Amino acid sequence: MKTSLVIGIVVAFFVAVAVSQSLYVVDQTETAIVLQLGKPVDGPIKPGLHFKLPFVQNVVYFDARLMEYDAKTAEVLTLDKKNLVVDNYARWRITDPLQFYRTLRTLSRATARLDDIIYAELRVALGQYTLLDVVSTKRDVIMGEVTTKSSRLLSPYGIEVVDVRIKRTDLPPENAQAIYGRMQAERERQAKLYRSEGWEEMEKIKSGADKERAVLLAEAERQAEVLRGQGDAEAAAVWAEAVSKSPDFFGFTRSLEAYHKAFAKNSRLFLTPDSPFLKYLR
């Protein structure tokens, strides 16, 4: 009895060990491959409960989620010969675990390969654009180019690069002051250009306003002369009509006006007694 019990316990123990060595679970966030005597024989393994040969096969797990690679800051040279200190990062994932295991095996080696390829592609891409393009206008285009080329070069390693981004761009300390000075000079040049264009536009507006003012004044003067001539003509017509009704009275008033002017202070007149000028005085 005791011998049978011991044998049963030993058999149960080995069965339990064999079962535990035969079953394995792949998590939802993981992917896996099966190795037999160190060589990959199956993969990628989907999440769930799976079986393998005990003691002969073992399982290597890989993270199936997006992983982030944060590169060290490095200097690059732009198209306009400006040095930039670039701090970038990338998001990547393992798409082919078998190929990844055959070529790189570990995450540390994968990170080193990512660093080499992404940095090289980043230098090439930034070297085709100016400092202004990199800092503001075309950064998305540059990052798209780097992402596409890096992912194509890393595809033979079972890796897909999803996104490459620049976190920060700085100027080297020894070049910062000189570049800031050139940027300030460029802004001042643009400011002067804008001011000169503003002054030119102002002069155009002033000359146009002066011309319009001169035209308006000339037109007003012309209308005034026309109205003045019409008034004088109307006054002359009224005066002529009045004179035609009483010529003697007209002669009398005109003689009075002549007397008023002629007999001014300290005036001397030399006239004959029968002069027509003295008609109304006589």
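Residues numbered from 1 in each chain as written. Predicted model: local features only at pLDDT ≥ 70, side-chain atom pairs only at ≥ 80, totals over all residues. Heavy atoms only, no water.

Enquirer: Any chance you could break down the pattern of salt bridges for me, citing the residues and the numbers?
Expert: Here the structure, examined in full by the defined rule, presents 11 salt bridges. Aspartate 140 is paired through a salt bridge with arginine 165; the nearest N and O atoms lie 3.3 Å apart. Here arginine 165 lies in strand S9 (residues 159–170) and aspartate 140 lies in helix H5 (residues 139–154), a separation of 25 residues in the sequence. Since its relative accessible area comes to 58%, aspartate 140 is described here as exposed. Look at arginine 165 and you get partly exposed, because its relative accessible area is 29%. With a shortest N-O distance of 2.6 Å, glutamate 186 and arginine 189 are connected by a salt bridge. (Salt bridge = Lys/Arg side-chain N within 4 Å of Asp/Glu carboxyl O. Helix = DSSP H or I, 4+ residues; strand = E, 2+ residues; numbered from the N terminus. Buried < 20%, exposed > 50% of the residue type's maximum accessible area, 1.4 Å probe, protein only.)

Enquirer: Explain helix H3 (residues 107–126) residue by residue, including any values.
Expert: The terminal C-alpha atoms of H3, which comprises 20 residues, lie 27 Å apart, in line with the 28 Å expected from a rise of 1.5 Å per residue. Residues of H3 that are buried: Ala110, Leu114, Ile117, Ile118, Glu121, Leu122, Ala125 and Leu126. The buried residues of H3 occupy an angular sector of 150° when the element is viewed end-on, so they sit on one face. (Expected span 1.5 Å × (residues − 1). Arc of directions from axis to C-beta.)

Enquirer: Describe unusual backbone geometry, naming the residues involved and giving the relevant values.
Expert: Of note, the phi angle at arginine 105 is positive, near 70°, even though the residue is not glycine. Assignment of secondary structure puts arginine 105 in the loop between helix H2 (97–103) and H3. On the basis of relative accessible area, arginine 105 is assigned to the partly exposed category, the value being 41%.

Enquirer: How would you sum up the packing of aromatic side chains? Please name residues and give values.
Expert: One pass over the structure, following the stated rule, counts one aromatic pair. Relative to phenylalanine 100, the ring of phenylalanine 62 lies with its centre 5.4 Å away and its plane at 80°, an arrangement referred to as edge-to-face. Taken together, the positions of phenylalanine 62 in strand S5 (residues 57–63) and phenylalanine 100 in helix H2 put the pair 38 residues apart, joining distant regions of the chain. (Phe/Tyr/Trp six-rings, centres within 6.5 Å; stacked < 30°, edge-to-face > 60°.)

Enquirer: Give me the lowdown on a nonpolar patch on the surface, citing residues and values where you can.
Expert: A grouping of Leu23, Val25, Leu49 and Phe51 is seen on the molecular surface, where their side chains present a nonpolar patch of about 420 Å² in accessible area. Turning to its location among the elements, phenylalanine 51 is positioned in strand S4 (residues 48–51). What makes phenylalanine 51 exposed here is its relative accessible area of 64%. (Patch = residues over 30% accessible without salt bridge, like charges linked within 9 Å, V, L, I, M, F, W, Y side chains within 5 Å. Areas by Shrake-Rupley, 256 points an atom, 1.4 Å probe, with all protein chains shown as cover.)

Enquirer: Could you give an account of the nonpolar core, naming the residues involved and the relevant values?
Expert: Trp92, Phe100, Leu114, Leu126, Ile142 and Ile159 are the most contacted members of the largest nonpolar core, which has 37 residues in total. In terms of residue count, H3 provides more of this core than any other element does, seven residues in total. Two domains each donate at least three residues to this core, and these are domain 1 (16–63) and domain 2 (67–171). Setting aside anything within four residues of it in sequence, one finds phenylalanine 100 in contact with Phe62, Trp92, Ile94, Arg105, Thr106, Leu107, Ala110, Tyr157, Gly158 and Ile159. (Core = buried A, V, L, I, M, F, W, Y, C linked by side-chain atoms within 4.5 Å. Domains from an automatic or database assignment. Contact = heavy atoms within 4.5 Å.)

Enquirer: Just give me the short version of H5, but keep the residues and values in it.
Expert: With 16 residues, H5 ought to run about 22 Å at 1.5 Å a step, and its terminal C-alpha atoms sit 22 Å apart, in line with that. Regarding H5, the residues found buried are Ile142, Met143, Val146, Thr147, Ser150, Ser151 and Leu154. Mapping the buried residues of H5 onto a view down its axis gives an arc of 155°, with all of them on the same face. Where H5 is buried, its residues contact H3, helix H4 (131–137) and S9.

Enquirer: Describe the pairing of strand S1 (residues 23–26), and please don't skip the residues or the numbers.
Expert: Of the two faces of S1, the one lined by Tyr24 and Val26 is fully buried and the one lined by Leu23 and Val25 carries no buried residue. With four bridges joining them, S1 and S4 adopt antiparallel strand pairing. Directly across from tyrosine 24, in S4, lies its bridge partner histidine 50. (Pairing = 2+ DSSP bridges.)

Enquirer: Summarise the side chain of threonine 31; cite the residues concerned and give the values.
Expert: Residue placement: threonine 31 occurs in strand S2 (residues 30–36). Sequence-distant contacts of threonine 31, that is, excluding residues within four places in its chain, are made with Val26, Pro44, Ile45, Val60, Tyr61, Phe62, Ala64 and Pro97.

Enquirer: How would you summarise the packing of H3 against H5 if you had to cite specific residues and measurements?
Expert: Packing of H3 against H5 brings their axes to within 9 Å, and their N-to-C directions diverge by 140°. One way to sum up the angle between H3 and H5 is to call them oblique. Here the hand of the crossing between H3 and H5 comes out right-handed. Every residue of H5 that contacts H3 at Arg113, Leu114, Ile117, Ile118, Glu121, Leu122, Ala125 and Leu126 is listed here: Ile142, Met143, Glu145, Val146, Lys149, Ser150, Leu153 and Leu154. (Axes fitted to C-alpha atoms, helices over the stretch in contact; angles between N-to-C directions. Parallel < 35°, antiparallel > 145°, perpendicular 65-115°, else oblique. Left-handed = near helix turned anticlockwise from the far one by under 90°.)

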